[in-house]
Amino acid sequence: MFDPDAALATLDLTTLASDAAALAKLRAVATASDFAIETCRRQPGMLQALLRDDGAVPFPAPILAADDAGSWPSLLRRYRQAESTRLIWRDVLGLDRVEDTLHGSSVLAETCLTTALAALESAFTERHGQVRAVDGSVQRLVVFALGKLGGGELNFSSDIDIVYAYAEEGSSDGVRPLEAEQYFARLGQQLAKLLDEVTAEGFSHRVDLRLRPYGSAGRVAWSFAALEQYFQREGRDWERYAWQKARPVAGDLAAGEAFLRTLRPFVYRRYLDFGALEGLRGMKAMITAEVERREMQDDIKRGPGGIREIEFLAQALQLIRGGREPELQTRGLLASLEVLIAQRQIEAQTGMALRDDYLFLRRLENRLQMLRDAQTYRLPDNDEDRGRIATTMGFGDWPALLVELDAHRAHVSVEFAELLGGRREEDGDGELQAYWLGLPEGGESVALANAGYADVEAADHQLRQFVRGLAPTALSDAARSRLDRLMPALLAASGRALQPDVALPRALSLVQNVLKRSNYLALLDEQPQALERLVDALSRSALLGERLAAYPVLLDELLDRRAAGELADAAAMRASCLRALAQGDGDVESSLALLNETRQALSFRIALAVLDGQQSASASTQQLAWLADAVVEAVVRLARSGLVESHGEISGARFVVLGYGSVGGEELGFGSDLDLVFLHDGDPAAQSDGARPLDAARWFARLAQRIVSLLQTPTRAGRLYDVDVRLRPDGASGLLVTSLAAYADYQRERAWTWEHQALVRARCALADDTGLLATAFEGVRDEVLRRSRDPALLLKEVVDMRQRMRRELDRGDAQWFDLKQGAGGLVDLEFLLQALVLRHAHLQPLLCGPRRSVDLIAAFSEAGVLSTESAEDLLHAHATLSSLGLACTLDRRPRRVHRDDEVEKAREAIRATCKAHGLDFSAAPAGAG
C-alpha cells in the first residue's frame, strides 16, 4: 500500500503542519506523481507558489541571456519541470479539465521551442548573419509541429514531432556565411539538442525529427519548394495523416501557415477520397503487428480500442471529405469531433461517446506519465502503481478502473471496425466472380441469367466490350484489384434492380468514366450501401446516370447521411452557394466550378428525394427555384466584384433580377433554363467612380452581360444554367437592362396581354440590398395586374395565344398525351390561372400575391373564384401531371405519357374548369386533343 506521507517526508513542511487542507492536497499530488514531489524538493519556492493560488497562474518562461549560453539547458529544464508540476497539481486536484491539461502541455512545449529558438537565432546571427533570399528579404526557420503538438493536445510526457523548413533558398550575410540549407540544418540540430539532451537536470522535451521526408536519412531542413515537390511526387498516405495536424509553432509562423495552405491539396483531395481508408488499413496493420510482436495489448495508445484508433477514425473521415468541406480541416481531435458532428458526418450520440472515450483515455494516459515523467502508454503491472492510478482516477480499486477502461476501449473498437469494415473482401456470388474474372474470352453468361438479367446476350456483349476496352497499362495493380472486387458486386446489385438491363449499361458508363480516378473506385469498393443506391438510381433515372457519369463527385450524395435527411430550405441553399463562392477566393474560374459543384449536389439530392417519394413534385420544383435564386445571387456578387474592380461603383443605384416563367413561379424543372429580366434605378446622368468610369446605362448593361455570361460559362462541373432574356420589354430587340421607369411605362402602355400573363409569375429572384427597388417593382406589377379589363377581349386574346402555342408545340397524339402542351395539360392550367388573375385582381387585390400554381388555386378558392370542388380537382390534376413530368425528365423521356385513367381524369378536370371560365382551348392539331 502506497503511503503518501512517506513520499512527503522529503519536503520541508514545517510551516504546513497545521494546514490540513494544504496537506490533503499534497497527499493527493504525492499519490499521483513522484515526479511532482521530486520537483518540489528541488525547487522549494515552487510549493508556496502552488499553494498560494493553486497554480492558476503559469510560471514565467525563462530568459536566456546571450552572454550565458551555458545556463540555457538548466533554465529550460527547470522551467519545464516547474510548469509540468503546476499542470499535475491542477489536474489531480480537479481544477483543470483533461482538455486544459492537454492544451497546457502544448503551450509549455511551444514556449520552450520559441524561447530556445530565439536564443539560438541570436547566437547564429552573431556568427553567420541572417539568411537572405534572392530579393534580400530575411528568411527564418519555420518549426512545424506534427502529431499531438500540432493538434494542440500534447500528452504530459510526450516527445514532440517536428519538421524544420524555410521559405526560400539563399545564404547568410555574416562574416562566416552559410547556404540556407546548411544554416537552418545546423540551427535545427542545435535546437533539438538544447531541448532533448539529457543532463544532470534531465531533459526539456524529447525531440523526434523522423517525420521529415525520408526520415532519419533525409535532410534536416527543407525549403518550401523542396517539400512541396516531395509531397507531389513521393508523398505517402501516412504523411497525409501526419501533416493533417501540422502547425507552425516557432520561427516564422506566418510563412509556415502560408505554406500549409499550399499543401492542402496534398492532404485534402479535391474530390471524395475513400482511398484514405486503404492507407489507414496499412498503418493500422503495421501498428497491430507491432502490438502483437511486443505484447502491447495493455498499451492504451496503440492497443485495441486505444487513443490511436479514435484519432485515425476522426482523421479518416476528415480526409475523405475535407477537400470538399473546408470546415472539416481542423487539427485537434476534440475540435475535429465537434465539426464532424456539426457537419453530420457522424451521429451526435456516437460523436459524444467517442469524445468521452477519448477524454477518459487521455486522462489515464496523463496519469500514467505523470507518475514518473515517463513516456509510457502501458498499464502498470505492479499492485502499488495500479492502486495509485486507480485512486487518483477516482476508482475504489484497480478492477473497477479496468471495467470502465474496457467499456471505453470496446466502444472505440466497434466504431473503428465499422469504419474499416465497409469494404467487401469478395462478393457473395461466386458464379458472378468467376464470370467476371473469365472475361473477355471466357466466362459463362448463364451467371447473368441467374443474377436476374432478361437480355443476357446484350448484357454479356456489353461486359465483354467493356473489358476489351480496358488498356493493359491504364490501371494500377491496386485499381485493378479494386475493380475486380467491385464488378461482381455491381453485377449482382444491377441484377436485383428494378430494371437490370437498363441499370447495367448506365453503370458501365459510369465505371468507365471513373477508372482513372481511384478515389471513386475506392468509394464504391469501400461503401456497399453507396453501390446499392447507385444502381437503384441508375435503373430509374437516365438523367442521374448521365450526371453521375459526367460528374462523379456526385457519388458522395449517394453516401452522405445528410442527403437522406430533411432537404435544405432557401436559406440553407443560399448559405451553401455563398460558401462555395467564398471558397473560390475571387478567382472566377474556381468560383464558378465550386458553385456548380454545389448546385449539382443540391439538385441531385432533390432528384433522389423525388425518386424515393420523399416529397411532392410541387415541393421539389420549388426547391429547384430556391436553388436557382441562390446561384443567381452568388453569380451577381461575382459579376459585380469584377465590374467594380474595372470601372468602380454607381453610387446609390439599385439593381434587381426578376425571375419569369418557371423560376418566377417557383416550379422549376431539372435542367430548365432561367427566364430573367434585369432592372435598375440608376440616374441616367450618373457615372461610376472608377478609373474607367461608365454611365449608369452602360454600367448596368455590363453587369447584366457578365451575369448571363457567368451563368452560361462551361466549367469542369458543367454550366450553371442556360438563360433566356427574351421576356424583357421589347423582347430580343430591347435593352438587356431596363430602368424601372422604362419598365413601368412599357407594362402600362405597350405590353401585350401575354406579357401581362407572364407578369403573374414574375418575382424578384434577387432583390436589392435595401429592398426599395424590389418594392417598387411589386408596386408596378400590382398596378398592371389590377387594371380593369374587358372580360371578353381578355378571354379572346388568352385563347388565341394558347391555341397558337398548341398548334406549334403540342406533340401529343391519340395514344400519347403531351403533359405540358396537350389539351388539359400544365400550360392550359397556367393560362387559366393567369387569365383569372387578370380578370379578377381589380376587385380582389390579394390575388396578385401568389406565383405558384398551387398557391394561386388556393387563393382563387378562398376568394370564391373557384369552387372548393374545382380547386381540389385542379390541385390533384396539377400534382398528377407535375409528378409524371418530373419522372419523364429524370428518365430523359419526352414529357408524353399514355392516356390512362389517371391522366384522363387530370386533363378533364383542367379542361372542364377552363371551359367553365370561358377559356375553350380545344382548337388544336388533329389527334392532339
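Everything here concerns the structure above.
Residues numbered from 1 in each chain as written. Predicted model: local features only at pLDDT ≥ 70, side-chain atom pairs only at ≥ 80, totals over all residues. Heavy atoms only, no water.

What to know about the nonpolar core
Core analysis: the largest hydrophobic core is formed by 179 residues, its most contacted members being Phe-144, Trp-243, Leu-280, Leu-463 and Phe-678. For this core, the leading source of residues is helix 29 (residues 617-647), giving 14 residues. One finds Tyr-660, Ala-762, Ala-841 and Val-865 within the second-largest nonpolar core, a separate group that totals 59 residues. (Core = buried A, V, L, I, M, F, W, Y, C linked by side-chain atoms within 4.5 Å. Buried < 20%, exposed > 50% of the residue type's maximum accessible area, 1.4 Å probe, protein only. Helix = DSSP H or I, 4+ residues; strand = E, 2+ residues; numbered from the N terminus.)

Notes on helix 9 (residues 224-234)
Of the residues making up helix 9, those classed as buried are Phe-224, Ala-226, Leu-227, Tyr-230 and Phe-231. Within helix 9, the buried residues cover an arc of 165° as seen down the axis, which keeps them to one side. Set apart from the buried face of helix 9 by more than 90 degrees, the exposed residues are Ala-225, Gln-232 and Arg-233. Along its buried surface, helix 9 packs onto strand 3 (142-145), strand 4 (160-166), strand 7 (221-223), helix 10 (237-244) and helix 11 (253-267). (Arc of directions from axis to C-beta. Contact = heavy atoms within 4.5 Å.)

A closer look at the packing of aromatic side chains
By convention here, two paired aromatic rings are described through the distance between centres and the angle between planes. Evaluated as defined, the whole model comprises 22 aromatic pairs. Aromatic pair Tyr-214 and Trp-222: ring centres 6.1 Å apart, planes at 35°, arrangement tilted. Their ring planes at 70° and their centres at 6.0 Å tell us that Tyr-241 and Phe-312 sit as a pair that is edge-to-face. One end of the pair, Tyr-241, is in helix 10; the other, Phe-312, is in helix 13 (residues 307-321), with 71 residues separating them in the sequence. Residue classification places Tyr-241 among the buried positions, given a relative accessible area of 4%. (Phe/Tyr/Trp six-rings, centres within 6.5 Å; stacked < 30°, edge-to-face > 60°.)

Some points on the packing of helix 9 against helix 11
At their nearest, the axes of helix 9 and helix 11 sit 10 Å apart, and the two run at 15° to each other. The angle between helix 9 and helix 11 falls in the class roughly parallel. Seen from above, helix 9 lies across helix 11 with right-handed handedness. Residues Phe-224, Leu-227, Glu-228 and Phe-231 of helix 9 form the contact with helix 11, whose participating residues are Ala-255, Gly-256, Phe-259, Thr-262, Leu-263 and Phe-266. When the residues that make up the contact of helix 9 with helix 11 are grouped by side-chain class, the tally is seven nonpolar, two polar and one charged. (Axes fitted to C-alpha atoms, helices over the stretch in contact; angles between N-to-C directions. Parallel < 35°, antiparallel > 145°, perpendicular 65-115°, else oblique. Left-handed = near helix turned anticlockwise from the far one by under 90°. Nonpolar A, V, L, I, M, F, W, Y, C, P; charged D, E, K, R; others polar.)

Things to note about the pairing of strand 4
Of all seven residues making up strand 4, seven are buried, and the element is well covered by its neighbours. By the alternation rule, side chains of strand 4 split into Ile-160, Ile-162, Tyr-164 and Tyr-166 and Asp-161, Val-163 and Ala-165, which are all buried. Sheet analysis places strand 3 next to strand 4, joined by four bridges and oriented antiparallel. Within strand 4, the residue paired with Val-143 across the bridge is Tyr-164. Pairing of strand 4 with strand 6 (residues 207-208) involves two bridges; the strand directions are parallel. (Pairing = 2+ DSSP bridges.)

Concerning the packing of helix 29 against helix 38 (residues 868-890)
In the contact formed by helix 29 and helix 38, the axes pass within 9 Å of each other and the chain directions differ by 60°. Between helix 29 and helix 38, the angle falls in the class oblique. Where helix 29 abuts helix 38, its residues Ala-617, Ser-620 and Thr-621 lie against Ser-882, Ser-883 and Leu-886. A class-by-class count of the residues in the contact of helix 29 with helix 38 yields two nonpolar, four polar and no charged.

Quick look at the environment of Leu-794
Among the secondary structure elements, Leu-794 is positioned in helix 35 (residues 791-809). Here Leu-794 falls in the buried class, since its relative accessible area comes to 3%. Here the alpha-carbon distance between Leu-794 and Gln-81, two residues 713 residues apart in the chain, equals 92 Å.

A short note on a positive patch on the surface
A contiguous patch of positive charge on the surface is contributed by Arg-692, Arg-698, Arg-702 and Arg-706. Here Arg-698 lies in helix 31 (residues 696-712). A residue is classified by how much of its surface remains accessible, and Arg-698, at 44% relative accessible area, is partly exposed. (Patch = residues over 30% accessible without salt bridge, like charges linked within 9 Å, V, L, I, M, F, W, Y side chains within 5 Å. Areas by Shrake-Rupley, 256 points an atom, 1.4 Å probe, with all protein chains shown as cover. Salt bridge = Lys/Arg side-chain N within 4 Å of Asp/Glu carboxyl O. Lys, Arg positive; Asp, Glu negative; His and termini not counted. Charge placed at Lys NZ, Arg CZ, Asp CG, Glu CD.)

Let's talk about the pairing of strand 10 (residues 674-680)
In terms of burial, strand 10 is largely enclosed, as seven of its seven residues are buried. Because side chains alternate across strand 10, one face comprises the buried residues Leu-674, Leu-676, Phe-678 and His-680, and the other comprises Asp-675, Val-677 and Leu-679, equally buried. By the bridge criterion, two bridges tie strand 10 to strand 11 (residues 723-724) in an arrangement that is parallel. Looking at the pairing, Asp-675 lines up with Asp-724 of strand 11. Between strand 10 and its parallel partner strand 11, the chain crosses via helix 31, and the hand of that crossover is right-handed. Where strand 10 and strand 12 (residues 737-739) come together, three bridges link them in parallel fashion. When the sheet's bridge partners are listed, Leu-679 is paired in strand 12 with Thr-738. (Right-handed = clockwise from strand over helix to strand, strands pointing away.)

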